[in-house]
Amino acid sequence: MLTQQRTQDKAGMEPDNSSKQSFVTVTEVPGSLASKSQMSMAMSRYRIAAGLSEGKDVLEVACGSGMGLGYLARSARRVVGLDFDPKLVEIARSHYGDRLEVQCGDAQQMPFADGSFDVVILLEAIYYLPRAEDFIAEARRVLRPAGTLFICSVNKEWPDFNVSPYSARYFTLRELSDLLTQGGFKPDLQVGFPVAAKSGKARIISAIRRLAAKLGLIPKTMAGKEKLKRLVFGKLTPMPVEITDEAAEAQPAYSASADSPISDYQVLYAIGRMDEAAKTA
């Protein structure tokens, strides 16, 4: 674990990403076209995050272009964004200016002092981390006693699941639960976006999608996927620079158990809570 002094010394330093693949092509950025379901998923995870953030000091890790930072800031006391990709950080900074702090840094070695935040958020990004357990340890370090860690991820057990480029590892609900427990958090597990009964046409589209994924034919970039989404969903909506309640309708989350595989929900939510005894252990 990094000492507080070492972490403070690293504050403001930005990682050398010159040889790294840019995540811009696989990240939702302002103006990229999204389906109604995609917009609703974004709204739903930020609605949950906002509920955890009220009156708190909040860090969103892998914040991307920062579309949710302003939404969180409406109820939080302080919001900071962190992302590994300098291009995404620049998009966020250019929008928020002096309103919010956005830093460039590694989720697995964060440039913040011990006990800097009450809430740490990681949305649809844990599968990009080569060492997710290091992120959990870092989240625990930068959180204050009784802090909260919120992770949202696609469900790899969902039959229509498709691997994203640059991903390292996807987690089941059981694996997320174990990751949080081993990292000193008490997990609260939830799921969202139930898989609805499909019509004949929907079943055919689903079968084609699975075959395309198996054969590696699904486009690797957001721009490439837009063409496919137009065919399946019809009219698409541009992603906003800053998300608002009007962007889409949030869908409910449901309590879940990790005792058995879960294939009938598309999204996993894992909320890790830590008490003072766990923090000082």
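Throughout, residues of each chain are indexed from 1 in the direction in which the sequence is written. Totals for whole chains, interfaces and linings use every residue, but because this is a predicted model, local features are given only for residues with pLDDT of at least 70 and side-chain atom pairs only at 80 or more, for both listing and counting. As a convention, hydrogens and water are excluded, and side-chain values are obtained from all of the structure's heavy atoms.

Helix numbers and strand numbers start at the N terminus; a helix is a DSSP run of H or I with at least 4 residues, a strand a run of E with at least 2. A tally of regular secondary structure across the protein gives nine helices and 10 strands. Restricting the contact set of the protein to residue pairs at least 6 apart, pairs at least 24 apart contribute 77%. Residues are treated as being in contact if the distance between any of their heavy atoms lies within 4.5 Å.

Residue placement: threonine 172 occurs in the loop between β6 (143-154) and α6 (173-182). For every residue, the accessible area obtained with a 1.4 Å probe (protein chains only) is divided by the maximum for its type, and the residue is called buried under 20%, exposed over 50%, and partly exposed between those limits. The class of threonine 172 is buried, set by a relative accessible area of 12%. Beyond its immediate chain neighbours, meaning those up to four positions away, threonine 172 contacts Lys156, Glu157 and Leu268.

Where charged atoms from two side chains of opposite charge come close, those side chains can pair. Just to be clear on terms, a salt bridge is a Lys or Arg side-chain nitrogen sitting within 4 Å of an Asp or Glu carboxyl oxygen. On inspection of all chains with the given rule, the structure shows 16 salt bridges. Its salt-bridge partner being aspartate 118, residue arginine 144 comes within 3.1 Å of it at the nearest N-O pair. Remark: aspartate 118 occurs in strand β5 (residues 117-123) and arginine 144 occurs in strand β6; sequence separation between them is 26 residues. Between aspartate 134 and arginine 131 there is a salt bridge, with its nearest N and O atoms 2.6 Å apart. Accessibility expressed as a relative area gives 37% for arginine 131, which makes it partly exposed. Here the salt bridges do not stand alone but share partners, grouping Asp57, Arg77, Asp118 and Arg144 into one network.

Note on pairing: DSSP must find at least two bridges between two strands before they are called paired. Spatial ordering of the open sheet is given by β4-β3-β2-β5-β6-β10-β7-β9, a layout of eight strands whose pairing is mixed. For this open sheet the edge positions go to β4 (101-104) and β9 (253-255), each flanked by a neighbour on one side alone. Across the sheet, the mean angle separating the axes of adjacent strands is 20 degrees when strand polarity is ignored. Axis lines are fitted through C-alpha atoms, for helices just across the contact stretch, and the angle between N-to-C directions can take any value from 0 to 180 degrees. The sheet strands contacting helix α2 (residues 36-53) are β2 (57-61), β5, β6, β7 (186-194), β9 and β10 (265-273), and the helix crosses β10 at an angle near 15 degrees.

For alanine 146, which is not a glycine, the phi torsion comes out positive at approximately 65 degrees. Assignment of secondary structure puts alanine 146 in strand β6. Even without being glycine, phenylalanine 193 reaches a positive phi, approximately 60 degrees. Looking at the element boundaries, phenylalanine 193 is found in strand β7. The buried category is assigned to phenylalanine 193, whose relative accessible area is 8%.

For the protein, per-residue confidence averages 85 on the pLDDT scale, and residues scoring 70 or more make up 77% of the total. Values of pLDDT, which run from 0 to 100, indicate the predictor's confidence residue by residue. Low pLDDT (under 50) marks residues 1-14, which in the prediction has 25 contacts with non-local residues, meaning those over four places away or in another chain.

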